[in-house]
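Fold and contact review
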Amino acid sequence: MRTARPLVLGIESSCDETGVGIVRGTELLTNTVSSSMDEHVRFGGVIPEIASRAHLEAFVPTLRAALDDADVTLDELDAIAVTAGPGLSGALMVGVSAAKALAVATGKPLYAINHLVAHVGVGMVGGTFSDGLPPNLGALLVSGGHTEILRVIDIAKDVELLGSTIDDAAGEAYDKTARILGLGYPGGPAIDRLAQQGDPTAIRFPRGLSQPKYMGTAEQPGPHRYDWSFSGLKTAVARSVEQYEAAGLEVPVADIAASFQEAVVDIITSKAVLACREHGITTLLLGGGVAANRRLRELTAERCEAAGITLTVPAPSLCTDNGAMVAALGAQIVLDGGSPSGIAFGTDPSLPVTSITLASA
């Protein structure tokens, strides 16, 4: 590599955001995003085919805008990084195909990287961690497709999955609950706003996988000590609404929204902090689109402070899916001496978090 501050272009297309970011080492030059969310609203969720077509239409304009904003050319780049998984298969293929074409056209090395680890790598830019990623770092990633707690030993080559959702991700639970309550899509912001008008203690909704048989003890952990489940919670909300309607009563939508949200953030934060305490994690990064949720940020901060854990939350624009996080992780892999992926690799919609990069097939 020509420089200790590699100039890296990152491409993200795992879901409904077309992101192109450019970093120089740990300096963020641009974070350009085109979202197709408005095209999915009438369907109440992301439609993979629509997302893929939107990526095709948005990629070139987004790339040009990013290069102009950063005032760099493709020839000046030291490397290209692209999300290879996890994510929607067709959406991933658009970004990966574009990245391979750019790599072939420019002769630049290409790195296929993990979307989830990139959410952690974004902490290297944007002033999130001014002195680089700290030791004993963990990451709580909460989004529409993922809910995970990670331990980061080495961002470029060693990340451990401590716990994850076994069914719906938190964001999916928000969207499905919002549909039940007639609040539209996306559900997260709508429920968060309405919850402020309701009583979070009005209804005691279940906290999935919190029973002793799942939790176990620190000495003998249960099978899902740090895992989450939200499908039962969504069903409990539906049953609650049905009971009010069957009794001819007005559905207390605000109270249900507040009680639902409290159940989600309570179990997320309690298990995340437990995992941190039992694995020596002293700094926790909260990322993913649901990191914008008011109550999640509030309760995570409260419980981290009580446990002596330093909580860090990137800027909202760096929490949601974006190309800057891909470029940031790519730059760290370059600096670590990681091998390029070539152009023979494929996408992996179920790529495990332990696979930080993909090698050529």
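Calculation notes
- Residues numbered from 1 in each chain as written.
- Predicted model: local features only at pLDDT ≥ 70, side-chain atom pairs only at ≥ 80, totals over all residues.
- Heavy atoms only, no water.
- UniProt positions renumbered as here; feature names shortened; annotations may be inferred.
- Helix = DSSP H or I, 4+ residues; strand = E, 2+ residues; numbered from the N terminus.
- Rg over C-alpha atoms; globule rule 2.2 N^0.38 Å.
- Buried < 20%, exposed > 50% of the residue type's maximum accessible area, 1.4 Å probe, protein only.
- Phe/Tyr/Trp six-rings, centres within 6.5 Å; stacked < 30°, edge-to-face > 60°.
- Lys NZ or Arg CZ within 6 Å of the ring centre and 35° of its normal.
- Domains from an automatic or database assignment.
- Contact = heavy atoms within 4.5 Å.
- Buried area = accessible area lost by both parts, 1.4 Å probe.
- Salt bridge = Lys/Arg side-chain N within 4 Å of Asp/Glu carboxyl O.
- Nonpolar A, V, L, I, M, F, W, Y, C, P; charged D, E, K, R; others polar.
- Polar contact = N/O pair within 3.5 Å; in protein donor to acceptor, adjacent residues only side chain to side chain.
- Pairing = 2+ DSSP bridges.
- Axes fitted to C-alpha atoms, helices over the stretch in contact; angles between N-to-C directions.
- Parallel < 35°, antiparallel > 145°, perpendicular 65-115°, else oblique.

Within an unreviewed UniProt entry, the label attached to the chain reads tRNA N6-adenosine threonylcarbamoyltransferase, and the organism entered is Arthrobacter pityocampae. Check the Sequence similarities (unreviewed entry) section of the UniProt entry for the chain; it says "Belongs to the KAE1 / TsaD family." In the Catalytic activity (unreviewed entry) part of its UniProt record, the chain is described as follows: "L-threonylcarbamoyladenylate + adenosine(37) in tRNA = N(6)-L-threonylcarbamoyladenosine(37) in tRNA + AMP + H(+)".

Along its length, the chain carries twelve helices and eleven strands. For 361 residues, the compact-globule estimate of 2.2 N^0.38 gives 21 Å, and the C-alpha radius of gyration of the chain, at 21 Å, lies within 12% of that figure. Overall, the C-alpha framework of the chain stretches about 70 × 50 × 35 Å when taken along its three principal axes. Buried residues in the chain amount to 54% of all 361 residues.

As a further point, take the packing of aromatic side chains. A full pass over the atoms with the stated rule returns one aromatic pair. Between the aromatic rings of Tyr 174 and Phe 260, the centroid separation amounts to 5.1 Å while the plane-to-plane angle is 80 degrees, which identifies the pairing as edge-to-face. Here Phe 260 lies in helix H9 (residues 253–278) and Tyr 174 lies in helix H5 (residues 170–181), a separation of 86 residues in the sequence. In terms of burial, Tyr 174 and Phe 260 fall into one category: buried. For the cation-ring pair, Lys 100 lies above Phe 345, with the distance from its terminal atom to the ring centre recorded as 4.7 Å.

Turning next to the domain arrangement of the chain. Segmentation of the chain into domains returns domain 1 (7–128 + 319–335) and domain 2 (137–313). Distance from the C-alpha centre of domain 1 to the C-alpha centre of domain 2: 27 Å. Counting residues at the interface gives 20 residues for domain 1, matched by 21 residues for domain 2. When residues of domain 1 are sorted by the area they lose upon contact with domain 2, Leu 116, Val 120 and Cys 319 head the list and together hold 35% of the total. There are zero salt bridges connecting domain 1 and domain 2. Of all the secondary structure elements, the ones that give two or more residues to the side of domain 1 that touches domain 2 are helix H1 (37–40), helix H4 (115–121) and helix H12 (323–335). Counting residues per element, the side of domain 1 that touches domain 2 draws most heavily on H4, at six residues. Across the side of domain 1 that touches domain 2, the residue classes break down as ten nonpolar, ten polar and no charged.

To continue, consider the side chain of Asn 322. Inspection of the secondary structure assignment puts Asn 322 in the loop between helix H11 (316–319) and H12. Under the relative-accessibility criterion, Asn 322 is labelled buried at 0%. A distance of 3.3 Å separates a polar side-chain atom of Asn 322 from the backbone oxygen of Leu 318. A polar contact is formed between the side chain of Asn 322 and the backbone nitrogen of Ala 324, at a distance of 3.0 Å. Among residues more than four places away in sequence, those in contact with Asn 322 are Glu 12, Gly 19, Asn 31, Val 33, Val 122 and Ser 317.

What holds strands together in a sheet is hydrogen bonding between their backbones, with the strands either parallel or antiparallel. With respect to topology, six strands assemble into an open sheet ordered E3-E2-E1-E4-E5-E11, the strand pairing being mixed. Of all the strands in the sheet, the pair left with one neighbour each is strand E3 (27–35) and strand E11 (357–358). Where strand E5 (residues 110–114) lies against E11, two bridges are found, and the strand directions are antiparallel. By the bridge assignment for E11, Ile 113 is matched with Thr 357. Each of strand E1 (7–12), strand E2 (17–24) and E3 touches helix H2 (residues 48–70); the most contacted strand, E2, lies at about 25 degrees to it. Most of the contacts of H12 go to E1, to which it runs at about 135 degrees, and overall it touches E1, E2, E3, strand E4 (79–85), E5 and E11.

This part takes up the packing of H5 against H9. Look at H5 against H9: their axes get within 11 Å of each other, and the N-to-C directions meet at 170 degrees. The angle between H5 and H9 places the two elements in the roughly antiparallel class. Judged by residue contacts, Ala 170, Ala 173, Tyr 174, Thr 177 and Leu 181 of H5 engage Val 253, Ile 256, Ala 257, Phe 260, Gln 261, Val 264, Val 265 and Ile 268 from H9. Among the residues forming the contact of H5 with H9, the class breakdown is eleven nonpolar, two polar and no charged.

Now for the sheet that holds strand E6 (residues 137–142). Taken together, the five strands give an open sheet; going across it, the order is E8-E7-E6-E9-E10, and neighbouring strands pair in mixed fashion. The two strands at the open ends of the sheet, each matched to only one other strand, are strand E8 (158–164) and strand E10 (310–312). Taking each pair of neighbouring strands and ignoring which way they run, the sheet shows an average axis angle of 25 degrees. Sheet contacts for helix H10 (residues 294–307): E6, strand E9 (283–287) and E10; angle to E9, the most-contacted strand, approximately 175 degrees.

Structurally, the position occupied by Leu 133 is in the loop between H4 and E6. Accessibility expressed as a relative area gives 22% for Leu 133, which makes it partly exposed. For Leu 133 and Val 152, which are 19 residues apart along the polypeptide, the C-alpha to C-alpha distance reads 9.3 Å.

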